Amino acid sequence: MIETDMPDAFSQPGSARTDIYQELASLRLTDPHTHINPHAPASTTLADLLGYHYYTELAHSAGMPKAQIEGGSIAPKELVERLVGRLSPLENTVQYSWLIEICQMFFGFEDDRLHAGNWERLYDHSESVMSSAQWPDMVLDQSNVEAVFLTNDFDDDLAGFDSDRYIPCLRTDDLVFHLADKNVRERLAACTGIELDGSLQSLRASLRALFEHFVSRGARACAISLPPSFTPTSVPDGRAQTALDAVLRGGLTSDESHRDALSRRVFWTLAELCDEFQLPFDLMIGVNRKVYPAGVFQGQDLFDSRVSLIQYRDLFNTFPDVTFPVSVLASVTNQELVSYAWIFPNVIPNGHWWYSNTPSTISHDLAARLEAVPQTKMIGYYSDAYKLEFVWPKFNMYRKVLAGVLADQFVGDRGWSIQRAVDLGRTVLQSNTDAIFPKRTAAAPQPADSSASAVQTHPVDTPVETISLADENVSQERYDEAVGDEQISELENESRGFSDDVEGDAAPTATAVDPLPVDDEIEELGLDDVELVDPTKEPTLDSDSIALGLDEEILDVGDLTLEGDGDENLPSDQQTPHIEQLRGETSFSPDDDSLQLKSDPLTGEFRFDSGEDSSDEKIETTGKSSDSDKSQPEDAEAADFSLDWLEEDNDSEKK
Amino acid sequence: MIETDMPDAFSQPGSARTDIYQELASLRLTDPHTHINPHAPASTTLADLLGYHYYTELAHSAGMPKAQIEGGSIAPKELVERLVGRLSPLENTVQYSWLIEICQMFFGFEDDRLHAGNWERLYDHSESVMSSAQWPDMVLDQSNVEAVFLTNDFDDDLAGFDSDRYIPCLRTDDLVFHLADKNVRERLAACTGIELDGSLQSLRASLRALFEHFVSRGARACAISLPPSFTPTSVPDGRAQTALDAVLRGGLTSDESHRDALSRRVFWTLAELCDEFQLPFDLMIGVNRKVYPAGVFQGQDLFDSRVSLIQYRDLFNTFPDVTFPVSVLASVTNQELVSYAWIFPNVIPNGHWWYSNTPSTISHDLAARLEAVPQTKMIGYYSDAYKLEFVWPKFNMYRKVLAGVLADQFVGDRGWSIQRAVDLGRTVLQSNTDAIFPKRTAAAPQPADSSASAVQTHPVDTPVETISLADENVSQERYDEAVGDEQISELENESRGFSDDVEGDAAPTATAVDPLPVDDEIEELGLDDVELVDPTKEPTLDSDSIALGLDEEILDVGDLTLEGDGDENLPSDQQTPHIEQLRGETSFSPDDDSLQLKSDPLTGEFRFDSGEDSSDEKIETTGKSSDSDKSQPEDAEAADFSLDWLEEDNDSEKK
Amino acid sequence: MIETDMPDAFSQPGSARTDIYQELASLRLTDPHTHINPHAPASTTLADLLGYHYYTELAHSAGMPKAQIEGGSIAPKELVERLVGRLSPLENTVQYSWLIEICQMFFGFEDDRLHAGNWERLYDHSESVMSSAQWPDMVLDQSNVEAVFLTNDFDDDLAGFDSDRYIPCLRTDDLVFHLADKNVRERLAACTGIELDGSLQSLRASLRALFEHFVSRGARACAISLPPSFTPTSVPDGRAQTALDAVLRGGLTSDESHRDALSRRVFWTLAELCDEFQLPFDLMIGVNRKVYPAGVFQGQDLFDSRVSLIQYRDLFNTFPDVTFPVSVLASVTNQELVSYAWIFPNVIPNGHWWYSNTPSTISHDLAARLEAVPQTKMIGYYSDAYKLEFVWPKFNMYRKVLAGVLADQFVGDRGWSIQRAVDLGRTVLQSNTDAIFPKRTAAAPQPADSSASAVQTHPVDTPVETISLADENVSQERYDEAVGDEQISELENESRGFSDDVEGDAAPTATAVDPLPVDDEIEELGLDDVELVDPTKEPTLDSDSIALGLDEEILDVGDLTLEGDGDENLPSDQQTPHIEQLRGETSFSPDDDSLQLKSDPLTGEFRFDSGEDSSDEKIETTGKSSDSDKSQPEDAEAADFSLDWLEEDNDSEKK
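Keep in mind that this is a model prediction, so the values were computed, not measured. (Residues numbered from 1 in each chain as written. Chains lettered and ligands numbered in written order. Predicted model: local features only at pLDDT ≥ 70, side-chain atom pairs only at ≥ 80, totals over all residues. Heavy atoms only, no water.)

Draft legend 1. How the structure looks around the environment of Asn346 of chain B. Residue and element names in this part refer to chain B. Note on placement: Asn346 falls in the loop between α15 (334-343) and β10 (347-349). Classification of Asn346 by relative accessible area gives buried; the value is 2%. For the pair Asn346 and Asp197, spaced 149 residues apart in sequence, the C-alpha to C-alpha distance is 35 Å. In terms of polar contacts, Asn346 uses its side chain to reach the backbone carbonyl oxygen of Phe319, at 2.9 Å. (Helix = DSSP H or I, 4+ residues; strand = E, 2+ residues; numbered from the N terminus. Buried < 20%, exposed > 50% of the residue type's maximum accessible area, 1.4 Å probe, protein only. Polar contact = N/O pair within 3.5 Å; in protein donor to acceptor, adjacent residues only side chain to side chain.)

Listed below in structure tokens is the structure:
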């Protein structure tokens, strides 16, 4: 019996798996979804790696008391020693294999297990390796990764990093699900300069300001995670107004029905803004938060597999020009996702999320996608990593599964050539990312083959002899349909007027304008499709607002609100630190001493204070008693923020 | 790296997969479910093939505007050119492989992709090949297919084709879900000659007339597709009467609860008639219609995987003698289907439907069936094709998956011989179809080994040394149990009387009578089973009504209704064109110029007018204003159609 | 083509599958869940084997009338002949392969099918083999099985068998779901000596008495099967009292809502008792009983796959110290189970249950578990067998699937050594059973590495060079947290007092006491975890009540109740037959003449009388008219069973 680990099935020469895998491993990738902190993207000690929630939660699940992981202050090396002593039960898991692969690849580790006899030498050696200032770039290079998408809080100033390499992405969970929290509202007001004055216009204006900021800083996606119960629908103005009133009045104590209605209203508005700004809207469907509240940090959420995409029917139909990359948490939802993507032009299966991010589940879900979803319509994988080192092993796991499916089910069962299988692999692993999340080029008008919204038609990776795709562009077609409707044009004017109010004189430079429709394309528009344009919904295409592209100036906060007051119109460079301080952070490098998982880089979404959960009452009280940054009480602001111009806006909407 | 496509795993000599596959490919098959139009069964140009909804919906999903596919009138060749230009994103899909396989097999196509450089030559060549009058028979022969089941509208006259080759099947969606639509009621009245006069008896009589017609024309199944929300239950007469009154009065505007109750009543009645006529009832469970209403024709439906067969508990229990071949749309329901078939004698897993009809899903679902459902109790596959050319590649896909499962999990994991695996494959692929959907032989009494209802016990394909099955027949046993109950006999009389009323003098020829029970079989009936016979439900076994078999005369429409009037008892050959005209069709060969998918052969179920959806109001109005074929107003009919004899019937029921 | 069966993939030398399989097959196992009758553990004729519900239900499903299987009295040999004649349709099923494997392994059968030509010789030969008095032990030895867990009715006296080999397990379905049935209440009163007097205390006391009895007899698990609709929650005393009153008054006619509330109350109390007695609580989730009431015995139940573990959220959070081995019926729930086990320390995936117990489903579910659940946290398999002969083929099926997953996905895809894969296999197949269901050693204090509750940290099977796990014990940690709370200590006193009341002088011997916490472990307890201890819930750790271990005396019934009367305090050896007679049984060897499946050994749960279902009315009536064993009317007992000392108890609870 062979007792030492051997080469795996992807390194034995001459097999289809190996050939395909090696070709895929040579591709330089963009990782379309991570939680990387661009100010501290890589690890500094093994504790950053072992502190990843997969290891803490699995160790805890296997018997390690939470207090040994999170209680009090534990030095990084101490934490690593403790965790190493608890890893043995996890050695079978694929997550453990990621860790070993990191140690082998980046630190020259030669064992296949981490234990009491070898961890300390590895710790010390890796610490010295990671101390290099070039470490993050070295990791990216070794990992063959060109860029990573971030997951930014909505009030992130997005400053101080290379946004070509660290691509911003607007995460909106707080806005949709926690606007009843005064903290969230204050953060929103602080970063946009727009107070929620009780009007739906102020809500929309503040959300719109976020999109302007993010798009101007190169954001390529809006994203949100959603509970299984969520069913997005349009909430009429009247109902939305009632809900907003109730939530502004009652905060976290306001009635569930009002909070729900406001959630759906905010979500719908975000979808409208994704449409306006041609930003893909990543939906991550199915998570139940805090199912195990006594679990370790980030090890508390689970899911309910009884979710259906039928809940998103209205959304997908209402926004045909918004691309929806969809992640599902439960593998049992994968077939629905495949089927929706097979029918709906704007639905894109996106990676393998969290509890579905294990080889056997990926293999099952991926095979179903590859055989029935157009190859241009799926994002193969994203790492979801918090530290750069994890991008490689996670993608590598995926590459092997992908190579296996391609070798078995395309080369083997269907008789494809290796090259053809590799081309398909490249499409889903590499090319689609840029096509589905197009990069906005600065200043210049957008070329036809990278226009910004809905499903991209882009060249498939095909052998030389294959014809290239037609030049006609889907988005173009849809745009044509839309602008043929006069009512849209009127609404565009209204929308432009509102934009002017918000933006003042700082009109952004046009970058991504669709060219006017060609005559024969207009001819081809049949009557069947006219029903798609819903005259009752918000306008979604507005050449002025689309004309944002890359605004070189950072977010111009305050213009609108302070205009109402007419006094302290601060220059934007003074606004920026103001936004940062809202979160109470003073620096962006908390990784070293705060490895007890209270630090932000390891924190991820939805947390203001990792030390303690913000209970409803506590936050309200705090909000009321300590008027720290914002010195004006809410009511006074609402009064100051006069309703006159807003009512003008309402009128313009009724034109 | 190998750059050209290679032989697949099923053509490499010496492997179990290849051996099994080749044996299975040599079998001459009956396809137990298609949407073939018997009057235009094969294609005439490539447009018939590329117009299949899989290609239009996938091309649309990948970015092709609907207007380029369906808007206005597009010549077949123009449509093919357009679609070919949009196929590149679909080249990975299994549906694309069907298309290439058709071109290779039937038209000598030698490439593995269809593109701008080769499509036109293929188009022209294939058009000349398909122009042969023998083309449909040539396709069937080359495909090794003996017969195909059809999907007939309930008012199809079933005339003008060879019903041994094109086997009728009564599709009942319209009856169950759209009886509130005046159009449907008019079609029903027109083809049966029975007006819905407001009585439940008239409803039942008209449905029964359909069964008589279909069975007399060789129909071997009744079929319906069902939404995930549907839960069939028995609706008592009182509630059913209220519902029928409301629906006849309100039509499409009648209350949802009444329409639902009527749906369930009609469905239940159909099940009773399946029982009476020993017709298997194909249930296709799970489809949500028009989830994406802006999608291309037939590319608008999806599903909700949150469905359970527990919803069919009452149905399966109430009708032990009805065979229910069940298709599920979601693979996640497959395990329930396997388990129900493992326990319920009358539940049969049936093929791999639509969104589950892809190799990885079939492989998963099939393996689960083969290891736990008796081999005689599953229908391996049906093509669901609209044109004969698709029968081969779809079955071929299935044969490869089947050969793979047999080679890996039976020969490999369980040590079966190749021959034994092939025998199992033959049983599920070929033998079961005839056993589960038995053919009715004309005039002669039905032989014991092919009696008509519930699960068939039939010889399994086994090596020579294996004993044959016992001769005792399940249906026989059940029949014995039933006729032992005196109450049944009384109800039989009532039922027979009702039949007489309906059928007048045209009593059908007996063909499929079960022989009387043998004594020792009666002895074996224990008390335990008596509870199966529910005296409150409709009689389901009636030797007279079972004695239908092959009625050589076509449907005798009008007898009953017109009997009420007592005047214009037209001969049946004059009725037939009347039925055809109801649908507004003048011929059955619309494939050539109507490839914009408005034509009927490509249409399938639920459509009266493919150009525009029939909105509720529109249909009601139309129905009221243009009393085209039917000159009598509804109320007048109800009055004429006197209640006297119905009350007599009610009395006889109370004996 | 090869026509004879061949060696399977697990007996071809040199492959990873074969190497791994052979190592796994050499392990001596404990089967952690069966329905073996310890008084007749093995079969006596082939009828015992063919009478297993898998064969009767599959034969029935394939067309064999129920009356041929169950009606009247059928001699064993006659039954076998009948069934053999009906087995042909089942030859593809994995269940059939179990049967053939049994015949080959134990009776020298050399064919691969059972048919009319060979069954009788096999019958006669096997009968003589099985007639040996040593047969059960021979089967265990040949099967390499050391011990099997039983499934005992709550009123089983657990006497007369070797409980080291046949390990008791308390099955609680009747208590939770059928307490409204007077029969069940009478059985409970009879075996505990505690009448339900209308107080919640009497309910709890009687349940607690069961735990004392079972634990004292070496029980290693409490178990229950649960319908998909069940959602356990804590029911407050007030609501529980109302429910109990209603159910005691109305019995089976009491309102559904009251019966539900009482079910949840009883279930919650069982969980509390599992906590107190450190007994794992096996949850078998998802079964719908009697979906096919006309099915053969034990062939009537199915499931609804629409179940979610979110329904168990409160339970898993409230009882962190109770280990919950969870079986799910539907494979679509497996991913939730994997994810819950990955996060919750007290959730353990447990085997592959019933409709999921087939190779392709096991393979799918197992792969998902092995890649993401800590290896120490899963029970690989249990046989669920009713007769010992089935343990081997069922485990063998699992071993092959396990060897396949390990060879393909660990050795192949991940490059593991064979040895490492075998170690993982051994852990899930063998070692975890003893760790998760720890054996209680008599009299001596429990060693630290086998303490009794929650998830066990135990040495993983690892190659020699690997470090051993830390000695710190999870349960120990949790215990430490708990005893730090003063309120717990008070409640412990109360609980101990209540125990005294119940047990009188018969205090059990301490066996499984946790040692006191080590100082540095206490230090490590952070504040974060304190919230886990819910002061409102029942005390769960009580050193006196834990100190039960192996009580050599059998259950002391009657003490408490009869103490109320103050007269007939019988010695325990006179109580034992009394309990047995409650079930109306006079012996434990009914296998020979009662093969028509009315006998208890084949019966399993939920049945008082297998000949006829106990309808609601019938039972109530019977209960009232025939006061057979219990001569005191219920009301009188309630009065006698004075409330005084119970109120004292309430007081002590309020201290």
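Draft legend 2. Spatial organisation of unusual backbone geometry. Even without glycine at this site, Gln278 of chain B takes up a positive phi of about 50°. Tracing the backbone through its elements, the reader meets Gln278 of chain B in the loop between α13 (256-277) and β6 (281-285). For Gln278 of chain B, a relative accessible area of 2% gives the class buried. One non-glycine residue, Leu158 of chain C, lies in positive phi territory at about 60°. Along the chain, Leu158 of chain C turns up in the loop between β2 (145-149) and β3 (166-167).

Draft legend 3. Geometry of the sheet that holds β3 of chain C. All names here are of chain C. Taken in spatial order, the three strands of this open sheet run β1-β2-β3, and their pairing is parallel. With partners counted over all chains shown, the strands left at the sheet margins are β1 (29-31) and β3, one partner each. Pairing geometry for β1 and β2, over three bridges, is parallel. Bridged to Thr30 within β2 is Ala147. (Pairing = 2+ DSSP bridges.)

Draft legend 4. Geometry of the packing of aromatic side chains. Counted according to the given criterion, the structure contains 96 aromatic pairs over all chains. Residues Phe149 of chain A and Phe437 of chain A carry aromatic rings whose centres are separated by 5.2 Å and whose planes lie at 65° to one another, so their mutual orientation is edge-to-face. Here Phe149 of chain A is found in strand β2 (residues 145-149), whereas its partner Phe437 of chain A is found in the loop between α18 (418-436) and α19 (474-483), with 288 residues between them in sequence. Each member of the pair, Phe149 of chain A as well as Phe437 of chain A, is classed as buried. On the numbers, 5.3 Å between centres and 10° between planes, the contact of Trp354 of chain A with Tyr355 of chain A is stacked. Exposure remark for Trp354 of chain A: the relative accessible area of 10% places this residue in the buried category. On the basis of relative accessible area, Tyr355 of chain A is assigned to the buried category, the value being 3%. What links up through ring pairs into an aromatic cluster is the set Tyr52, Tyr54, Tyr55, Trp98, Phe303, Trp353, Trp354, Tyr355, Tyr386 and Phe390 of chain A together with Trp342 of chain C. (Phe/Tyr/Trp six-rings, centres within 6.5 Å; stacked < 30°, edge-to-face > 60°.)

Draft legend 5. The arrangement of helix α10 (residues 182-192) of chain C in detail. All names here are of chain C. Where burial is concerned, most of α10 is hidden: nine out of the eleven residues are buried. Within α10, burial applies to Lys182, Val184, Arg185, Arg187, Leu188, Ala189, Ala190, Cys191 and Thr192. At the N-terminal end of α10, a side-chain oxygen is found 2.9 Å from the backbone nitrogen of Asn183, two or three residues along, and the residue is Asp181. Just downstream of α10 lies Gly193, where phi reads positive at about 75°.

Draft legend 6. Structural context of the interface of chain C and chain B. Each partner contributes residues to the interface: chain C has 66 residues there, and chain B has 64 residues. For the pairing of chain C and chain B, the buried interface totals around 5,300 Å² over both sides, and the portion due to carbon and sulfur atoms is 54%. Viewed at the interface, chain B and chain C are joined by one salt bridge. Residue Arg17 of chain C is joined to Asp413 of chain B by a salt bridge in which the shortest nitrogen-to-oxygen separation is 3.1 Å. Put simply, chain C and chain B have 25 residue pairs in polar contact (both at pLDDT 80 or more) between them. Put simply, the parts of the chain that give the side of chain C that touches chain B at least two residues each are α3 (53-61), α4 (66-70), α6 (94-107), β8 (302-303) and α16 (359-372) of chain C. When the residues that make up the side of chain C that touches chain B are grouped by side-chain class, the tally is 28 nonpolar, 23 polar and 15 charged. (Contact = heavy atoms within 4.5 Å. Buried area = accessible area lost by both parts, 1.4 Å probe. Salt bridge = Lys/Arg side-chain N within 4 Å of Asp/Glu carboxyl O. Nonpolar A, V, L, I, M, F, W, Y, C, P; charged D, E, K, R; others polar.)

Draft legend 7. Up close: the relation of the copies chain C and chain B. Superposition record for chain C on chain B: RMSD 0.0 Å, screw rotation 120°, translation along axis 0.0 Å. Each copy turns onto its partner about a three-fold axis. Of the residues that chain C buries at the interface, just 3% are likewise interface residues in chain B, meaning the two copies contact each other through different surfaces. (Least-squares fit on C-alpha atoms with pLDDT ≥ 70 in both.)

Draft legend 8. Spatial organisation of the domain arrangement of chain A. Residue and element names in this part refer to chain A. Looking at the assigned domains, one finds that chain A contains domain 1 (1-40 + 134-149 + 387-436) and domain 2 (45-130). Once you take the C-alpha centre of each, domain 1 and domain 2 turn out to be 24 Å apart. The partner domain 2 presents 15 residues to the 13 residues of domain 1 that form the contact. Across the domain 1/domain 2 interface, buried area totals approximately 1,400 Å², and carbon plus sulfur atoms make up 72% of it. On the domain 1 side of the contact with domain 2, Trp135, Phe390 and Lys394 bury the most area, a combined 42% of that side's loss. Where domain 1 meets domain 2, there are zero salt bridges. Counting across the interface, domain 1 meets domain 2 through three residue pairs in polar contact (both at pLDDT 80 or more). Here the side of domain 1 that touches domain 2 gets five residues from one element, more than from any other, and that element is helix α17 (residues 391-412). A class-by-class count of the residues in the side of domain 1 that touches domain 2 yields six nonpolar, three polar and four charged. (Domains from an automatic or database assignment.)

Draft legend 9. Molecular detail of the pattern of salt bridges. Residues and elements named next belong to chain B. Overall, the coordinates contain 66 salt bridges over all chains when judged by the stated rule. Lys439 serves as the salt-bridge partner of Asp164, at 3.7 Å between the closest nitrogen and oxygen. Placement of Asp164 in the loop between β2 (145-149) and β3 (166-167) and of Lys439 in the loop between α18 (418-436) and α19 (474-483) is noted, with a sequence separation of 275 residues between them. Judged by its relative accessible area of 48%, Lys439 is partly exposed.

Draft legend 10. Quick peek at the pairing of strand β9 (residues 324-328) of chain C. Residue and element names in this part refer to chain C. The element β9 is extensively covered by neighbouring structure, given that five of its five residues are classed as buried. Judged by which residues are buried, β9 turns out to be covered on both faces: Phe324, Val326 and Val328 on one side and Pro325 and Ser327 on the other are all buried. Here three bridges tie β9 to strand β10 (residues 347-349), and the two strands are oriented parallel to one another. When the bridges of β10 are listed, Val326 appears paired with Pro349. Once the chain exits β9 it traverses helix α15 (residues 334-343) before rejoining the sheet at β10, and the crossover so formed is right-handed. (Right-handed = clockwise from strand over helix to strand, strands pointing away.)

Draft legend 11. How the structure looks around the sheet that holds β2 of chain A. Residues and elements named next belong to chain A. Read across the open sheet, the three strands follow the order β1-β2-β3; overall the sheet is parallel. Looking at strand neighbours, the two that pair on one side only are β1 (29-31) and β3 (166-167), the edges of this open sheet. Note: β2 against β3, two bridges, orientation parallel. Bridge assignment links Val148 to a residue of β3, and that residue is Tyr166.

Draft legend 12. Spotlight on helix α8 (residues 135-142) of chain B. Residues and elements named next belong to chain B. Residues Trp135, Pro136, Val139 and Leu140 constitute the buried set of α8. Along the axis of α8, the buried residues cluster in a sector spanning 140°; they form a single face. A positive backbone phi angle near 60° is found at Asn144, which sits one or two residues after α8. (Arc of directions from axis to C-beta.)

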